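Examination of the molecular architecture
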Amino acid sequence: MYLLISTLATFINIYSTLLIIRVLLTWFPNINWYNQPFAALSQITDPYLNIFRNIIPPLGGMDFSPILAFLVLNIIGSLLVQGVNSLANLPSFG
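Since the model is a prediction, treat every value here as computed from it, not as a measurement.

1. Examining unusual backbone geometry
Following Gln36, the chain continues to Pro37 via a peptide bond in cis, the omega torsion being 0°. On the secondary structure map, Pro37 appears in the loop between helix 1 (2-25) and helix 2 (38-55).

The following block contains the structure:
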């Protein structure tokens, strides 16, 4: 169980890094999102971001949905880290 939760926490950290890269790259309008590696990054991150784009539409040409996406991902990551810490403190039997 510890290994599963630890792996999920690591995955969330890596995915958060990919989201940060994706958001930062949107500041450069000349990037062609159909070329690699940008197409792969877009395919990995856009399904998650689209969930929040449906909740928060762009306001004044600015997309604020990544803020909510990061918030939810950080909350889940924090809960997983707390779970890992609590499992690590349990006494072992056997």
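2. Side note on the packing of helix 1 against helix 2
Packing of helix 1 against helix 2 brings their axes to within 10 Å, and their N-to-C directions diverge by 95°. With respect to helix 2, the axis of helix 1 lies roughly perpendicular. In contact with Tyr15, Leu18, Leu19, Ile21, Arg22 and Leu25 of helix 1, helix 2 contributes Phe38, Leu41, Ser42, Ile44, Thr45, Asp46, Tyr48, Leu49 and Arg53. Across the contact of helix 1 with helix 2, the residue classes break down as ten nonpolar, two polar and three charged.

3. Some details on the packing of aromatic side chains
Applying the stated criterion to the full structure yields four aromatic pairs. Where Tyr15 meets Tyr48, the ring centres are 5.8 Å apart and the plane angle is 80°; that geometry is what we call edge-to-face. You can see Tyr15 sitting in helix 1 and its partner Tyr48 sitting in helix 2, a full 33 residues away along the chain. Note on Tyr48 and Phe52: the rings are 5.0 Å apart at their centroids and 70° apart in plane angle, and the pair reads as edge-to-face. Of this pair, Tyr48 and Phe52 both sit in helix 2, separated by four residues, roughly a single helical turn. By the ring-pair criterion, three or more aromatic residues cluster together here, those being Phe11, Tyr15, Tyr48 and Phe52. Across the ring face of Trp33, the terminal group of Arg22 is positioned such that the distance to the ring centre comes to 4.0 Å.

4. Here we look at the environment of Asp63
Checked against the element boundaries, Asp63 lands in the loop between helix 2 and helix 3 (65-88). Residue classification places Asp63 among the partly exposed positions, given a relative accessible area of 32%. Placed 40 residues apart in sequence, Asp63 and Val23 show a C-alpha to C-alpha distance of 9.8 Å. When near neighbours in sequence (up to four residues on either side) are disregarded, Asp63 contacts Arg53 and Ile56. Side-chain polar atoms of Asp63 contact the side chain of Arg53, separated by 3.0 Å.

Criteria and thresholds
Residues numbered from 1 in each chain as written. Predicted model: local features only at pLDDT ≥ 70, side-chain atom pairs only at ≥ 80, totals over all residues. Heavy atoms only, no water. Helix = DSSP H or I, 4+ residues; strand = E, 2+ residues; numbered from the N terminus. Axes fitted to C-alpha atoms, helices over the stretch in contact; angles between N-to-C directions. Parallel < 35°, antiparallel > 145°, perpendicular 65-115°, else oblique. Contact = heavy atoms within 4.5 Å. Nonpolar A, V, L, I, M, F, W, Y, C, P; charged D, E, K, R; others polar. Phe/Tyr/Trp six-rings, centres within 6.5 Å; stacked < 30°, edge-to-face > 60°. Lys NZ or Arg CZ within 6 Å of the ring centre and 35° of its normal. Buried < 20%, exposed > 50% of the residue type's maximum accessible area, 1.4 Å probe, protein only. Polar contact = N/O pair within 3.5 Å; in protein donor to acceptor, adjacent residues only side chain to side chain.

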